[in-house]
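Chains, contacts and geometry: an overview
So the chains spell out like this:
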Amino acid sequence: MNADRILAMGLRAGAALAGLLMALIFVFMLKESALSLREIGVWRFASDAGWHPTADAGAGRFNLLPMLIGTLLTTVGAIVIAAPLGLLSALFCRFYAPPVLGSLYRRLIELLAGVPSVIYGFWGLVVLVPLIGAWQPPGASLLAGMLILAVMILPTVALFADAALGAVPADHLRAAAALGLTRGAIITGVLLPAARPGIGTGLLLAVGRAAGETMAVLMVCGNVVQIPAQLTEPVRTLTANIALEMAYALGDHRGALYVTGLLLLLLVTLLVGASARLQRAHG
Amino acid sequence: MKLAWRRRHVDGGRKYPLTRYQQYLRGPLFMAALLVLSGCGQGEPTAGKLLIAGSSTVAPLVAEIAARFEAEHPGTEIDVQAGGSSRGIADVRRGLIDIGAASRALGPGEAGLTEHAIARDGIALIVHRSNPVTTLEAAQVRAIYTGRTDDWGTLGLPAGPITVVNKADGRATLTLFLAHFDLDAPDVVPDVVVGHNMQGIQSVAGNPGAIGYVSIGAGEQEAARGQPIRLLPMNGISADSDSLRDGRYPLSRPLNLITPGEPTGLARRFIDYAQSPAVHDLVRQLHFVPAERP
């Protein structure tokens, strides 16, 4: 047995471990929610009148649809705000900013990426929510959630875009410049198409982070189970539902929260799958 | 040094290929075991160790008492976890923990357990300090919480939308509040749903039109620390530890430790200690009222 084979074996074990963990998590969630899915029935999780899981036996209501929509809306809103901002800030940092300012700006974005989510949540609760509340009470709302999430995922988008733009071969740039293209035309015609896979990866990670974020949205979204009619109405996300109630849940209620987790896991799986397809189609 | 170690490792591998595989597998197996264990919980309680879990209102008090008890009885170890009264009661019944903590009395479906009151607490309505409201009738509270009244103006106060702050499902505070005002959970129309007391207080402190309800202990403590909130009187009786002490406050509740039957050994000693005058200063410090010994 030589060193190569030992290395290969180690790598295989590492990969197997990563895969095994993921599979174990899936199996665990399925096992825990199986009883509820059987006894309550899949359909009732989308058709019950509201979410009142603690009522006496048989009278519980378990509609998860408003929370699924809450997660989708906050995530989509956050990415719609963060994607252009992140891309623009990466372009600024790499092509328009003076070098000193550019590297300072990059450090700042990196710092933003390292701030724990509970800090964002706390800031949102004591600053952002009262600010929105002064305009449109109650303040804790879909809008607050979108804004907080946008700030949180902005660094992911910006740093990935920045790295992707930096990885475009210098030959491309020289060739484009030799053709007499303006800086704007080089960016839109050469750089962005060449950097698209890297930017796409950043967006994908950002979407995953936004959909899975718990603490910050729990603190600023209001957590009312409803399908919001306006940006300033409160929502509850799937993650917030689990975090709010898991420690207090028993019986059917507990099972329904595992179903919530399973739903979230499926949603993220779908998102990853969809964006992988999208990237292949454009790649 | 490092090179020598690697060579020995590689040589050894030829002799015992299985052992190395086992080494690689040990990691994942260990992780899997951890996952499974974390799903179902607790280990065997040892002689000098107590596991207490339950109400997030009671947990801070029990944690303080436990710290003092540990200091006075070296060798003992008392773990306190917060997770809701019903969960604490269910866990103690299933034998997962030694003592449960509950911020309410035992219900009819919970016979066979023994409760030991360590303090009294109440639930008070809170509003922003700038809100001029002085008192609310029960009917007005019902109207506000069911969404029939959504503006302070209809109550004869300066106009402004009412933000209703409610507790998330599974909290004893929610259950007691709803029962007191004769409300059904599905009828409540909240604007904000919060988890623990602190989040509720923060939501009211940041919104002049908000109304919520919290444990009197937590509310008094935070108001004393300068949070801009005010505790409203209930049926004309002020919400503070004084009216809790003389038993006049209507929406009060015992803070209980729960055991399966009569406790013995360390659990007995801890409960006796938690009910003794030696911890009354801790009870008062958290703005609760010491329980009368039966």
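Residues numbered from 1 in each chain as written. Chains lettered and ligands numbered in written order. Predicted model: local features only at pLDDT ≥ 70, side-chain atom pairs only at ≥ 80, totals over all residues.

1. Notes on the overall build of chain B
If you tally the helices and strands in chain B, you get 11 helices and 10 strands. Relative to its full complement of 294 residues, chain B shows a buried share of 41%. Of all intrachain contacts in chain B linking residues separated by at least 6 positions in sequence, the fraction that spans at least 24 positions is 71%. (Helix = DSSP H or I, 4+ residues; strand = E, 2+ residues; numbered from the N terminus. Buried ≥ 20, exposed ≤ 12 C-beta atoms within 10 Å, placed from the backbone. Contact = placed C-beta atoms within 7 Å.)

2. Some details on the UniProt feature "domain: ABC transmembrane type-1" (unreviewed entry) in chain A
Under the present numbering, the feature "domain: ABC transmembrane type-1" (unreviewed entry) in UniProt falls on residues 68-275 of chain A. Measuring from the first to the last C-alpha atom of residues 68-275 of chain A gives 19 Å, for a span that is 80% helix and 0% strand. (UniProt positions renumbered as here; feature names shortened; annotations may be inferred.)

3. Some points on the UniProt feature "transmembrane region" (unreviewed entry) in chain A
Residue and element names in this part refer to chain A. Those places that UniProt annotates as "transmembrane region" (unreviewed entry) correspond, in this numbering, to residues 6-30, 71-97, 117-135, 142-161, 173-195 and 256-276. Each end of residues 71-97 is marked by a C-alpha atom, and these two atoms are 36 Å apart; helix forms 96% of the span and strand 0%. From the first C-alpha to the last, residues 256-276 spans 30 Å; its make-up is 100% helix and 0% strand.

4. Details of the pairing of strand β2 (residues 77-82) of chain B
Residues and elements named next belong to chain B. Along β2, the buried face is formed by I78, V80 and A82; none of E77, D79 and Q81, which line the opposite face, is buried. Alignment of strand β1 (residues 49-54) against β2, held across 6 bridges, turns out to be parallel. Pairing of I52 across the sheet is with V80, part of β2. Considered for its hand, the β-α-β crossover made up of β1, helix α3 (residues 59-72) and β2 is right-handed. (Pairing = 2+ DSSP bridges. Right-handed = clockwise from strand over helix to strand, strands pointing away.)

5. Side note on the environment of T134(B)
All names here are of chain B. By secondary structure assignment, the location of T134 is in the loop between β4 (113-128) and α5 (138-145). On the neighbour-count criterion, T134 (9 C-beta atoms within 10 Å) is exposed. Taking the C-alpha atoms as reference, T134 lies 9.5 Å from G236; in sequence the two are 102 residues apart.

6. A word on the interface of chain B and chain A
For interface size, the figure often reported is the accessible area lost on association. Opposite the 35 residues of chain B that make contact, chain A presents 36 residues. Counting residues per element, the ones that place at least two in the side of chain B that touches chain A are α1 (2-15), α2 (17-40), α4 (85-93), β6 (192-194) and α7 (197-205) of chain B. For the side of chain B that touches chain A, the leading source of residues is α2(B), giving 7 residues. Here the residues of the side of chain B that touches chain A sort into 15 nonpolar, 15 polar and 5 charged. (Nonpolar A, V, L, I, M, F, W, Y, C, P; charged D, E, K, R; others polar.)

7. Examining the packing of helix α5 (residues 117-135) of chain A against helix α6 (residues 142-166) of chain A
Residues and elements named next belong to chain A. Axis separation between α5 and α6 bottoms out at 10 Å; the angle between their running directions is 140°. In terms of their interaxial angle, α5 and α6 are classed as oblique. The handedness of the crossing between α5 and α6 is right-handed. Between α5, through S117, Y120, G121, G124, L128, V129 and I132, and α6, the contact on the second element is made entirely by L143, A144, L147, I148, V151 and M152. Taken together, the residues of the contact of α5 with α6 sort by class into 10 nonpolar, 3 polar and no charged. (Axes fitted to C-alpha atoms, helices over the stretch in contact; angles between N-to-C directions. Parallel < 35°, antiparallel > 145°, perpendicular 65-115°, else oblique. Left-handed = near helix turned anticlockwise from the far one by under 90°.)

8. Quick look at the nonpolar core
Generally speaking, soluble globular proteins have nonpolar side chains that are buried together. All names here are of chain A. Counting residues in hydrophobic clusters, the biggest one holds 138 residues, and the most contacted among them are I148, V157 and V220. With 19 residues, the single largest contributor to this core is α6. For V157, the contacting residues outside a window of four places in its chain are A82, A83, G86, L87, G202, L203 and A206. (Core = buried A, V, L, I, M, F, W, Y, C linked by C-beta atoms within 7 Å.)

9. Section: the environment of I109(A)
Residue and element names in this part refer to chain A. For I109, the location among the structural elements is in helix α4 (residues 99-114). Residue classification places I109 among the partly exposed residues on the basis of 19 C-beta atoms within 10 Å. A C-alpha to C-alpha distance of 9.7 Å links I109 and G86, two positions 23 residues apart in sequence. Leaving out residues up to four positions away in the same chain, I109 has contacts with S89, P155, A158 and L159.

10. Brief notes about the pairing of strand β3 (residues 99-102) of chain B
Residues in a regular strand project their side chains so that they alternate between the two faces of the sheet. Residues and elements named next belong to chain B. Of the two faces of β3, the one holding I99 and A101 and the one holding G100 and A102 are both buried throughout. In this sheet, β3 lies alongside β1 in parallel orientation, the contact comprising 3 bridges. Residue pairing in the sheet places I52 in a bridge with I99 of β3. Pairing analysis gives 3 bridges linking β3 to strand β9 (residues 252-260), with the strands arranged antiparallel. Its bridge partner lying in β9, G100 is registered against I258.

11. Quick notes on the environment of V141(B)
The residue V141(B) is located in helix α5 in this model. Separated by 16 residues in sequence, V141(B) and L125(B) place their C-alpha atoms 9.2 Å apart.

12. Comments concerning unusual backbone geometry
In the Ramachandran plot, N223(A) falls in the positive-phi region, its phi being about 60° despite a non-glycine side chain. Inspection of the secondary structure assignment puts N223(A) in the loop between α9 (215-220) and α10 (238-245). Phi is positive for D182(B), which is not a glycine, with a value near 55°. By the element assignment, D182(B) lies in the loop between α6 (172-180) and β6.

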